[in-house]
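# Structural characterization, general
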Amino acid sequence: MSELATQEEIDAALAKIYAKLDANGDGSLSTDELKGALKAMGCPEEMLDEAVKELVGEMDDDGDNKVSAEEFQKAMMANAPNDGKPTKQDVADLLSEMG
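First things first, this report covers the structure right here in the doc. (Residues numbered from 1 in each chain as written. Predicted model: local features only at pLDDT ≥ 70, side-chain atom pairs only at ≥ 80, totals over all residues. Heavy atoms only, no water.)

## Thoughts on the overall build of the chain
Where we set the bar: In DSSP terms, a helix is any run of H or I states spanning at least four residues, a strand is any run of E spanning at least two, and both are numbered starting from the N terminus. As defined in this context, the radius of gyration uses C-alpha atoms, and a globule is described by 2.2 Å times the residue total to the power 0.38. For every residue, the accessible area obtained with a 1.4 Å probe (protein chains only) is divided by the maximum for its type, and the residue is called buried under 20%, exposed over 50%, and partly exposed between those limits. Working rule for contacts: check all heavy atoms of both residues, and any pair within 4.5 Å makes them a contact. Using the Shrake-Rupley algorithm and a 1.4 Å probe, accessible areas are obtained, with residue cover drawn only from the displayed protein chains. Counted as positive: Lys and Arg. Counted as negative: Asp and Glu, with His and the chain ends omitted from the count. A charged residue contributes its charge at one atom only: NZ of Lys, CZ of Arg, CG of Asp or CD of Glu.
Tallying secondary structure elements over the chain gives six helices and two strands in all. Of the regular secondary structure in the chain, the N- to C-terminal order runs α-β-α-α-β-α-α-α. Its C-alpha atoms give the chain a radius of gyration of 14 Å, near enough to 13 Å, the size a compact globule of 99 residues would have. With the principal axes as the frame, the chain shows a C-alpha extent of 40 × 30 × 25 Å. Out of the 99 residues in the chain, the part that is buried amounts to 29%. Restricting the contact set of the chain to residue pairs at least 6 apart, pairs at least 24 apart contribute 55%. Here the chain displays about 6400 Å² of accessible surface, and carbon together with sulfur accounts for 51% of that area. Charged side chains in the chain number 9 positive and 24 negative. The centres of these two groups are separated by 2 Å.

If you want it as structure tokens, here you go:
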């Protein structure tokens, strides 16, 4: 098995991805920002609204209809490979996918 990523590596990667998604830099991901990210990743236009609604529903713990950095990290780690213990390669692949 590949070497596991350290928590610092994971945190840095998720912070970098979050900052890229947070287009206006206000510290939260709005539905418009999530829609833009999904569109850039190739989500079909007709599925965007439903996909964003589903994402926000899964990640938004406090009900403000936005995704905070903490909510984002929690959701990403819940879906991380190897039972929440991503390898260094997993982290590198995620960064590559998210540009």
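Now that the structure is up, let's keep going.
## Digging into the packing of aromatic side chains
Here is the rule we go by: Centres within 6.5 Å make a pair out of two Phe, Tyr or Trp rings, where for Trp the six-membered ring is used; the pair is then stacked when the planes are under 30 degrees apart, edge-to-face when over 60, and tilted otherwise.
This model, assessed by the stated rule, comprises one aromatic pair. With centroids separated by 5.4 Å and ring planes inclined at 55 degrees, the aromatic side chains of Tyr18 and Phe72 adopt a geometry described as tilted. In this pair, Tyr18 sits in helix α1 (residues 7-21) while Phe72 sits in helix α4 (residues 69-78), placing the two residues 54 residues apart along the sequence. The exposure class of Tyr18 is buried, given its relative accessible area of 7%.

## What to know about unusual backbone geometry
In this structure, Asn82 takes a positive phi of about 55 degrees despite not being glycine. Structurally, the position occupied by Asn82 is in helix α5 (residues 81-84). Residue classification places Asn82 among the partly exposed positions, given a relative accessible area of 39%. We note that Asp83 has phi near 55 degrees; this positive angle belongs to a residue other than glycine. Tracing the backbone through its elements, the reader meets Asp83 in helix α5.

## Concerning the environment of Glu33
Heads up, the rule is: Any pair of N or O atoms that falls within 3.5 Å is considered a polar contact. Within protein, one atom must be able to donate a hydrogen and the other to accept it, and sequence-neighbouring residues count only if both atoms are side-chain atoms.
Within the element layout of this structure, Glu33 appears in helix α2 (residues 31-40). For the pair Glu33 and Ala23, spaced 10 residues apart in sequence, the C-alpha to C-alpha distance is 6.5 Å. Setting aside residues up to four positions removed in sequence, Glu33 forms contacts with Leu21, Asp22, Ala23, Asn24 and Ser28. Among the polar contacts listed, one links the side chain of Glu33 to the backbone nitrogen of Ser30, at a separation of 2.9 Å.

## Re the packing of α1 against helix α6 (residues 88-97)
Worth spelling out the cut-off: In this analysis, axes come from line fits to C-alpha atoms, helices being fitted only over the stretch in contact, and the angle between any two N-to-C directions falls in the range 0 to 180 degrees. An angle counts as roughly parallel when it lies under 35 degrees, as roughly antiparallel when it exceeds 145, as roughly perpendicular when it falls between 65 and 115, and as oblique in every other case. Each residue is assigned to one class: nonpolar for Ala, Val, Leu, Ile, Met, Phe, Trp, Tyr, Cys and Pro, charged for Asp, Glu, Lys and Arg, and polar for all the others, Gly among them.
As a packed pair, α1 and α6 sit with axes 10 Å apart at the nearest point and diverge in direction by 10 degrees. Of the possible angle classes, the one that applies to α1 and α6 is roughly parallel. Counting all contacts with α1, which are made through Glu9, Ile10, Ala13, Leu14, Lys16 and Ile17, the residues of α6 involved are Lys88, Val91, Leu94 and Leu95. Residues of the contact of α1 with α6, tallied by class, amount to seven nonpolar, no polar and three charged.

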